[in-house]
Amino acid sequence: MAKITLDNLAHSYLPKPSREDDFALKELNLDWADGEAYALLGASGCGKSTLLNIISGLLHPSQGRILFDDHDVTMAPTTQRNIAQVFQFPVVYDTMTVRDNLAFPLRNRGADPAYIAARVQQIAAMIGMESTLDRKARALTADAKQKISLGRGMVREDVNALLFDEPLTVIDPHMKWELRTQLKSLHHEFGHTMIYVTHDQTEALTFADKVVVMFDGRVVQMGTPQELFETPEHTFVGYFIGSPGMNLLDAEISGDKAVLAGTEISLGKGFGTLSGKVELGVRPEFTSLTSGDVGLPVTIKRVEDVGRHKIVRADFQGTPVNVIAKEGAEISPDMNRIVFDPAGVNVYADSWRVAPKVA
Amino acid sequence: MSLVLEGVSKVVNGLTHIHPTDLELKSGTMNVLLGPTSAGKTSLMRLMAGLDAPNTGKVIWNGKDVTGMRVQDRRVAMVYQQFINYPSMTVYDNIASPMRLLKQSSKQIDTAVKKAADMMKLSPFLDRKPLELSGGQQQRCALARALVKDAGLVLLDEPLANLDYKLREELRAEIPKIFEEAGSIFVYATTEPEEALLLGGNTATMWEGRITQFGLTPIVYRQPINATTARVFSDPPMNFLNITKSGESLAFGDDQTTAAAGAFAGLLDGDYLAGFRPNHLELDKPAASAMKFSAKLQVTEITGSETFVHLDHHGDNWVGLIHGIKNLKIGADLTVFLDPSLVYIFAEDGTSIAPASYATAA
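Residues numbered from 1 in each chain as written. Chains lettered and ligands numbered in written order. Predicted model: local features only at pLDDT ≥ 70, side-chain atom pairs only at ≥ 80, totals over all residues.

## Thoughts on the overall build of chain B
Inference 1: Helix and strand content of chain B: nine helices and 21 strands.
Inference 2: For chain B, the residues scored as buried account for 44% of the 362 residues in total.
Inference 3: Nonlocal contacts in chain B, meaning residues at least 24 apart in sequence, comprise 64% of its contacts between residues at least 6 apart. (Helix = DSSP H or I, 4+ residues; strand = E, 2+ residues; numbered from the N terminus. Buried ≥ 20, exposed ≤ 12 C-beta atoms within 10 Å, placed from the backbone. Contact = placed C-beta atoms within 7 Å.)

## A few points about the sheet that holds strand β18 (residues 316-323) of chain B
Residues and elements named next belong to chain B.
Inference 1: Read across the sheet, five strands follow the order β15-β19-β16-β17-β18 without closing on themselves; strand pairing throughout is antiparallel. Two strands bound the open sheet, and with one partner strand each, they are β15 (281-282) and β18.
Inference 2: As judged from the eight bridges shared by strand β17 (residues 306-313) and β18, these two strands associate in the antiparallel manner. When the bridges of β18 are listed, His313 appears paired with Asp316. (Pairing = 2+ DSSP bridges.)

## Comments concerning the pairing of strand β15 (residues 278-282) of chain A
All names here are of chain A.
Inference 1: Of all five residues in β15, five are buried; the element is thus mostly enclosed.
Inference 2: On β15, burial covers both faces: Val278, Leu280 and Val282 on one face and Glu279 and Gly281 on the other are all buried.
Inference 3: Across four bridges, strand β11 (residues 247-250) lies against β15 in antiparallel orientation. From the neighbouring strand, Leu249 faces β15, where its bridge partner is Leu280.

## Some points on the interface of chain B and chain A
Inference 1: Across the boundary between the two partners, chain B contributes 31 residues, which contact 30 residues of chain A.
Inference 2: For the side of chain B that touches chain A, the secondary-structure elements that each account for two or more residues are α5 (165-182), α6 (193-199), α7 (217-222), β16 (291-302) and β17 of chain B.
Inference 3: Across the side of chain B that touches chain A, the residue classes tally to 14 nonpolar, 10 polar and seven charged. (Nonpolar A, V, L, I, M, F, W, Y, C, P; charged D, E, K, R; others polar.)

## Some points on the environment of A:Arg99
Inference 1: With respect to the helices, strands and loops of the structure, A:Arg99 is situated in helix α2 (residues 98-108).
Inference 2: Once residues lying within four places of it in the same chain are set aside, the contact partners of A:Arg99 are A:Val120, A:Leu133 and A:Asp134.

## Overview of the domain arrangement of chain B
All names here are of chain B.
Inference 1: As assigned here, chain B comprises domain 1 (2-232) and domain 2 (239-361).
Inference 2: Spacing between the C-alpha centres of domain 1 and domain 2 amounts to 37 Å.
Inference 3: Listed as interface residues are eight residues of domain 1 and, on the opposing side, 10 residues of domain 2.
Inference 4: With three residues, helix α8 (residues 227-232) is the single largest residue contributor to the side of domain 1 that touches domain 2. (Domains from an automatic or database assignment.)

## Here we look at unusual backbone geometry
Inference 1: A:Pro244 follows A:Ser243 through a cis peptide bond whose omega is -10°.
Inference 2: Here A:Pro244 is to be found in the loop between α8 (235-240) and β11.
Inference 3: A cis amide bond, omega 0°, links B:Asp235 with the succeeding residue B:Pro236.
Inference 4: Residue position: B:Pro236 is located in the loop between α8 and β11 (239-246).

## Examining the domain arrangement of chain A
Residue and element names in this part refer to chain A.
Inference 1: Entries for chain A in the domain assignment read domain 1 (4-235) and domain 2 (243-354).
Inference 2: Computed from C-alpha coordinates alone, the two centres of domain 1 and domain 2 are separated by 37 Å.
Inference 3: At the interface, five residues of domain 1 touch nine residues of domain 2.
Inference 4: Grouping the amino acids of the side of domain 1 that touches domain 2 by side-chain chemistry returns one nonpolar, three polar and one charged.

## Description of the sheet that holds strand β7 (residues 161-165) of chain A
Residue and element names in this part refer to chain A.
Inference 1: On the basis of which strands lie adjacent, the open sheet formed by six strands has the order β6-β7-β8-β3-β9-β10 and mixed pairing. Two strands bound the open sheet, and with one partner strand each, they are β6 (83-86) and β10 (218-223). Within this sheet the neighbouring strands show an average axis-to-axis angle of 20°, counted without direction.
Inference 2: The sheet contact formed by β7 and strand β8 (residues 194-198) spans four bridges and is parallel. Paired with Phe164 across the strands is Tyr196, a residue of β8.
Inference 3: This element, helix α4 (residues 142-154), spans β6 and β7 of the sheet and lies at about 170° to β6. (Axes fitted to C-alpha atoms, helices over the stretch in contact; angles between N-to-C directions.)

In C-alpha cells form, the structure reads like this:
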C-alpha cells in the first residue's frame, strides 16, 4: 500500500496549452493517504477519468509529478506501478474456472501455490463465491462476473493501490448494495488504498472515507461525506451532492442579516460585508414549511412522495426551492412560508463558501 | 384511449418470458414497470408495441383488437436506454423525421418541432448534429422525437439509465410534467424503486415474467400484496425475519420473545414472515412497545446526513438507515428497535396478511 501524492499536476489534451481553459485537468496538489478509501465524484467530462488515467499510468501528465510513497512514477508505465484495476464491465477469462480467474494475478507473479490456494479461498469467501469456484466463468451472470473482477482486483495484498472505474454501473440496484457492502468490508479488513470513480453520489458517499468532488477540471472539495453535506465549499458541491441538491438563493448580506427578495432573515452568525454574487445555500433537509408571517413567502408547486420522505417543490419569487418533509408529514394548503435551520445555512460569494466570522 | 392486455403471454425457445398477463392502461397516465433485469419489462413493452406477437392473449387498443398488427400501423413511440438518433441529420431533422414519414405539412412540422425542442430545452441546438451534444441532450432529442409523433402509446425503456446521476434526477422531474400535458399512455421501465416513486402515477411491479401488483405508485409501495412486491419495491432492500406467534407472545427465532401487540394481536398462532423497511429501524427506543433485536454490526456507510448499518441478525442480513452520523464499532453487538406498527406481515408463502398499520392509517 502506498501514499499517493499529486504534485503540481495538470493535463491538457492540446499540444501547446496556453490558457487555463485548455486544460482538461487544472493544476492541483493533493495527498491521498495510505490505506484510505477515496471516491472521485463528478459529472461526465469533469476530468475524473483523466485524473484516474494519470494515476494508473495510462496517461502522462503535461505538467507536474505523481509520487507513490514519495517515489516519482510520473513517467512509469502501468505495469511498473503495481496497481490493481476494476473497470465498468467485467474482465474475466471465460474459459477459466472462477478459481483460476481469481488465482491469475498471483500465478503471474510466481506466488507459492499453497499461499495462492489459501488466498483464493479467502477472497472467494469475501465475495460469496466459494460454492462456484470450480465452475467456468462463461456460464455466470454479469453480476457474478463483475464479482470475480472485484475479487481478482483484491487478490494481491502487495499492490500500491486499487482503482475502481464505475465498477457497479452494470449491476442491478439490489446487487449493488451487496457488492458495495462487500467492498467496504474488504477495505476494512485489508486496508488497501482505494480510489473509486463514480458519478453516483450514493456510491461515492457510502464507499469513501473521503470524497474528492471534481467540477470543470478542478477539484472543488475533498472532504468526508459529512463535510460535503454540511459545509459544501463550492455551490457545485451543494448542488451535486444531495437529492435534491442545495437550495441557492440570491441574497444581500451584511453582518448577520440577509435580505432575500425584500425579506430579511437573521443568520445567527456574522459574515461582514460581501461582494460579488452572494447566495445563501440551504439544503432541503434544513428547510421546513410553515404557515404564518415568519420566514420566506413561497408557493407550493408539487409534492412528491418518495417513500421514506416527501419532496416539496416550491417557488420563492421565481426561484425553485425544495423542502424535504418526513414520511408521514401533512403538507397543508395553508403552508406558505419556509424557514431555515441556522445550523444548515451556508453563505457563498462568487460560488465559493464564506466562513462565518468568529465572534 | 386505453390499452388492454388480455391473458397475453410470450414463450421464446421453450422459456416463458411473460406468463399470461392482464393489464389495463388509460390515457394520460404514467405507468411504471418496476423490476430487476430480466423480470420481463422489455418483453412486456414489445408486446404492447406490437414489436412481438404474443403466444396467447389479445392486445386491445381503444376497444379494437390490434394483436398481430404491425408496429408501423400503430401510433406507438419507443425510447430506449441507448440514445438512438440519426447521426447525419441535424437535431431539427431528427425530431421532424417521424412527422415527415407521416407526410405532414412543413408548417405543421415546424410548429411541433419547435414546441418539442422548447420542452426538451433543445432550442439552441437545433442546427447541431446529435454527436455534438452531451449524452443528456442526445436523449432529450430522442424523447422529443417520441413526443412529436403524437403517439397514443409512448414506451420508455430505462431511458435515463445511461445518463449521469444528477442529469437523471433533473430529467426525471421534467418527464412527468411533459407527459401530463401530452395526454398519451406512458409506460416507463426502470430497475430503480426510487425512480418509480419520483415518477408517481401507477406502478406495476414485475418479477420473473409476472406482474406481481399494479396500482397507484404510493399504494403499491406502502401496501404490497405479497413479499415479492415488497422486495422488488424497496431500495435499500426490505428486511425480513421469520416469526412464530403462540398465544400472547411472538418469537423471532433468536431466543427473544415479545408481547404480540398491535397488528400481531389478531394473528392466528403459527409461523409468519415479517418485513420492515430500513429507514424504520432505530437505535434509540422509540416507544415502550417497540420490538428489540440484538444483531452484529457488519459495515456502516455514511451518506453525509444518515448512516446505513448493515446487520447480521442470526444469519439474516438486515440494513438499517439511521438519521444522523453514527460512529459505531464494526463487529460489535448492536441493539436495534422497531415500532410494531411499521411491520408488514406475510404468510409463509409470501401473501400479505396485514400491511403495516402506519401504511393504511393515512
